[in-house]
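# Breakdown of the fold
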Amino acid sequence: MNKDIKIIAHRGGAGMGGTENTLDAFENAIQLGVDMVEFDVRKTLDNKLVVYHDSQIEGRAISETSYEELQSIAEKNGFRIPTFLEVIKLCHNRVFMDIEIKETGYEYRIVKIVKKLLDYNEYSIKSFYDITPYRIKEFDPNIEVGLLLGRDDADFKMRCNEVFPGRRLKACHADFVSPHPVLMRCGFTRRMRHAGFPVYVWTVNKSFLIKFFIKHSKVAGLITDRPDRMKDILKKLKEKSK
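One structure accompanies this document, and this report is about it. The structure displayed is predicted, hence computed values, not measured ones.

Here Asp 40 is to be found in strand S2 (residues 36–43). Polar side-chain contacts of Asp 40 include one of 3.0 Å to the side chain of Asn 21. Setting aside residues up to four positions removed in sequence, Asp 40 forms contacts with Arg 11, Asn 21, Val 50, Val 51, Tyr 52, His 53, Glu 100 and Lys 102.

Following this line, the structure appears as structure tokens:
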């Protein structure tokens with residue numbers, strides 16, 4: 001059994017109730033005792049960095065909406081969208097941050113902020129775009145970066161490259177890899193571990209899958225909407241193994 005597997009709260013624990021990617025969600029995850037919180041960063045029309053997953057809100061692109069307008073829409077729906085700065089200040093010295101950059105072009109801004117406010121051992125940065133970890137490593141080779149795999153729009157060639165991502169990981173200077181469970185085939189974890197890349201799987205919510213990865217896999221962590229469920233499963237399995 002993989003007792004050291006990390007519990008990573010996807011968007012702060014999107015399946016535990018409340019609204020994902022909010023300060024309340026991250027606070028709840030911290031109080032639960034997760035190992036990491038995962039969240040998404042986007043840029044608004046007026047260059048505010050905000051923590052929000054979708055590219056649109058009520059049909060309006062985040063990148064084409066000002067922060068004030070974005071907040072007004074969110075508040076009408078009963079929640080508040082935090083800035084990137086607010087989230088890292090909340091999590092600083094409390095929980096490890098798994099930061100996903102949803103677009104390219106503002107990597108350096110992210111680096112400047114985290115280097116000013118955080119220690120290297122408090123965060124990692126990842127993206128579906130190979131250029132993002134590559135650029136971040138050019139800015140600062142000490143920052144831990146990763147490559148996300150499992151894009152919805154992947155064609156056959158891209159999917160093959162995701163199942164066998166070794167060259168991509170080396171080319172973009174990734175330190176870890178974060179695949180969707182569908183890619184976990186052909187000895188994926190064994191190959192990645194042999195090449196020196198820890199594996200963090202997204203998004204694992206079903207109990208049987210959580211149990212499978214804990215019992216039979218050497219992955220470094222599971223990114224889950226239900227960190228409460230994973231924590232409970234881990235506790236019960238550890239008790240049985242005593």
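Note that soluble globular proteins tend to have their nonpolar side chains buried in a common cluster. Judged by nonpolar contacts, the single largest core of 54 residues is most densely connected at Val 37, Phe 39, Phe 84, Met 97, Ile 99, Ile 110 and Leu 222. Each residue touching Phe 84, except ones within four places of it in the same chain, is listed here: Phe 39, Val 41, Leu 49, Val 50, Val 51, Ile 99, Ile 110, Ile 113 and Val 114.

Below, the discussion takes up unusual backbone geometry. Look at Arg 11: it is not a glycine, yet its phi comes out positive at around 55 degrees. Relative to the elements of secondary structure, Arg 11 occurs in the loop between strand S1 (6–10) and helix H1 (23–32). According to the relative accessible area criterion, Arg 11 is buried, its value standing at 15%.

For the rest of this paragraph, the subject is the pattern of salt bridges. Any two side chains of opposite charge can pair if their charged atoms end up close together. In this structure the tally under the stated criterion is 17 salt bridges. With its nearest N and O atoms 3.9 Å apart, the salt bridge here joins Glu 38 to Lys 126. Of the two residues, Glu 38 sits in strand S2 while Lys 126 sits in strand S7 (residues 123–127), which places them 88 residues apart along the sequence. The pair Glu 38 / Lys 126 is uniform in exposure class, with both members buried. Of the charged contacts, one joins Glu 100 and Lys 102 as a salt bridge, the two residues approaching to 3.1 Å between their closest N and O atoms. Taken individually, Glu 100 and Lys 102 each receive the classification buried, so the pair is uniform in this respect.

Our next topic: helix H8 (residues 188–195). For H8, the full list of buried residues reads Phe 188, Thr 189, Arg 191 and Met 192. For H8, the arc enclosing every buried residue in end-on projection is 165 degrees, short of the 170-degree limit, so these residues lie on one face. Turned more than 90 degrees away from the buried face of H8 sit Arg 190 and His 194, all of them exposed. Following H8 by one or two positions, Gly 196 adopts a phi angle in the positive range, close to 95 degrees.

What follows deals with helix H10 (residues 227–241). Counted at 1.5 Å a residue, the expected span for H10 with its 15 residues is 21 Å, and the 21 Å between its end C-alpha atoms agrees. By the burial criterion, the buried members of H10 are Pro 227, Met 230, Ile 233, Leu 234 and Leu 237. Down the axis of H10, the buried side of the element spans an arc of 120 degrees, and every buried residue falls inside it. Turned more than 90 degrees off the buried face of H10, the exposed positions are Lys 235 and Lys 240.

Conventions we followed
Residues numbered from 1 in each chain as written. Predicted model: local features only at pLDDT ≥ 70, side-chain atom pairs only at ≥ 80, totals over all residues. Heavy atoms only, no water. Helix = DSSP H or I, 4+ residues; strand = E, 2+ residues; numbered from the N terminus. Polar contact = N/O pair within 3.5 Å; in protein donor to acceptor, adjacent residues only side chain to side chain. Contact = heavy atoms within 4.5 Å. Core = buried A, V, L, I, M, F, W, Y, C linked by side-chain atoms within 4.5 Å. Buried < 20%, exposed > 50% of the residue type's maximum accessible area, 1.4 Å probe, protein only. Salt bridge = Lys/Arg side-chain N within 4 Å of Asp/Glu carboxyl O. Arc of directions from axis to C-beta. Expected span 1.5 Å × (residues − 1).

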